[in-house]
Amino acid sequence: MAHHDDGGLVVVENKQVVLKGYIERAPLETDLELKTGNTIELRAPKGSRVVVVKNLYLSCDPYMRARMRDFHGSYLPPFVLGQPIEGFGVAKVVDSDHPNFKPGDIVVGFVGWEEYSLLKKVDQLRKIQPDDNIPLSYHVGLLGMPGFTAYAGFYEVCSPQKGEYVFVSAASGAVGQIVGQLAKLYGCYVVGSAGTKQKVDLLKNKLGFDEAFNYKEENDLDAALKRYFPEGIDIYFENVGGAMLDAVLLNMRIHCRIAVCGMVSQHGYHDHEGIHNLFMLITKRARMEGFLQSDYLHFFPQFIENVSNLYKQGKIVYIEDVNEGFESAPAALAGLFTGKNVGKQVVRVARE
């Protein structure tokens, strides 16, 4: 801990991950550069109202790819080249000139991809009470943005009813694994798709899905869906887009709801295949809706309370893929787009 009563400054090295140049495809590890040699003063200047934190966990999330394009028409601006990229993280306050935070506090919010961050936008930080039953990293997963995406998407966008037939793609990922478990708890029949045998086994044996299949082993996705949903699909929680969406459109029940959370298969933004079966939205009087969790933040306190309780009661489990060490961060982020991660991808930068 750095105290400055004697006027002595504490300056430490601060490794950073920066984006080398903008891209129009899925990110590769080589698009990111690990910069060493930078230093940071572990002090919040008087009157600045800033907070200096030591980053403990960084969250790797597919939405970050959108910030690697030189495109300003999205809900988040592009990353600044040569500056540390940023994302959700769990961090420990080292020094603070803000009345709401003191050294030793654990916070979650937007941090730089670096070992230490000087945070000016302090209003976006949430203080978390450490709880022996809940790993700190869960605050960027189960109890963070991905968990809330699942919660708001399932309850508010999908408008579920007990007994309905639910399909989740990328089902073992950060969001999908929670959607499936919430749907089961709600009394739905739930099937998930994933890209490896290991993930399919987890869906069936650990996450409690009724059925699961490896989409890479299916030559005909339409036939696969007809096998698992002979009566059709009431709710599709969409994480992948492309051919899977096209197949779902042929297997909808009347008044089907499709909640569009992500489309991780669309690595470039120019998909030459396109979607062919949108006409079925009319036939089935279906609703397909894109959403962002940030539109539902008024439900966040209720989400934290409900999902924490479900976890503590053993009614929800959460699978994480933790990469050890800051140096592993570029590979961890790039791995999301090839399905390398098993569960929610995080990077442990430091143990407290």
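Provided above is the structure to which this section pertains.
Residues numbered from 1 in each chain as written. Predicted model: local features only at pLDDT ≥ 70, side-chain atom pairs only at ≥ 80, totals over all residues. Heavy atoms only, no water.

1. Considerations on the pattern of salt bridges
It is possible for side chains of opposite charge to pair when their charged atoms get near one another. Counted by the stated rule, this structure contains 18 salt bridges. A salt bridge links Glu115 to Lys15; the nearest nitrogen and oxygen atoms lie 3.8 Å apart. With Glu115 in the loop between β7 (106-112) and β8 (116-119) and Lys15 in the loop between β1 (11-13) and β2 (16-19), the pair connects residues that are 100 residues apart, well separated along the chain. A relative accessible area of 18% means that Glu115 is categorised as buried. What you see here is one network of salt bridges that share partners, running through Lys15, Glu115 and Glu327. (Salt bridge = Lys/Arg side-chain N within 4 Å of Asp/Glu carboxyl O. Helix = DSSP H or I, 4+ residues; strand = E, 2+ residues; numbered from the N terminus. Buried < 20%, exposed > 50% of the residue type's maximum accessible area, 1.4 Å probe, protein only.)

2. Section: the pairing of strand β16 (residues 320-324)
Only one face of β16 is covered, namely the face carrying Asp321 and Asn323; the face carrying Glu320, Val322 and Glu324 is uncovered. In terms of handedness, the path from β16 via helix α8 (residues 329-335) over to strand β17 (residues 344-348) forms a crossover that is right-handed. (Right-handed = clockwise from strand over helix to strand, strands pointing away.)

3. Focus on helix α5 (residues 242-249)
In terms of residue burial, α5 counts as a mostly covered element, since seven of its eight residues are buried. Of all the positions in α5, only Gly242, Met244, Leu245, Asp246, Ala247, Val248 and Leu249 are classed as buried.

4. Some remarks on the sheet that holds strand β12 (residues 211-214)
Spatially, the six strands line up as an open sheet ordered β12-β11-β10-β13-β14-β15, and their pairing is parallel. With one partner strand each, in any of the chains shown, β12 and β15 (287-290) form the two edges of the open sheet. Taken over all neighbouring pairs, the strand axes of this sheet differ in orientation by 15° on average, direction set aside. Where strand β10 (residues 165-168) and strand β13 (residues 233-238) come together, three bridges link them in parallel fashion. Across the sheet, residue Val166 finds its bridge partner in β13, namely Ile235. Its contacts with the sheet put helix α2 (residues 176-186) on β10, β11 (189-194) and β13, and the angle it makes with β10 is roughly 170°. Of the strands in this sheet, β10, β11, β12 and β13 touch helix α4 (residues 221-228), which is tilted by about 165° from β12. (Pairing = 2+ DSSP bridges. Axes fitted to C-alpha atoms, helices over the stretch in contact; angles between N-to-C directions. Contact = heavy atoms within 4.5 Å.)

Function cannot be read off these values alone, since they describe shape.
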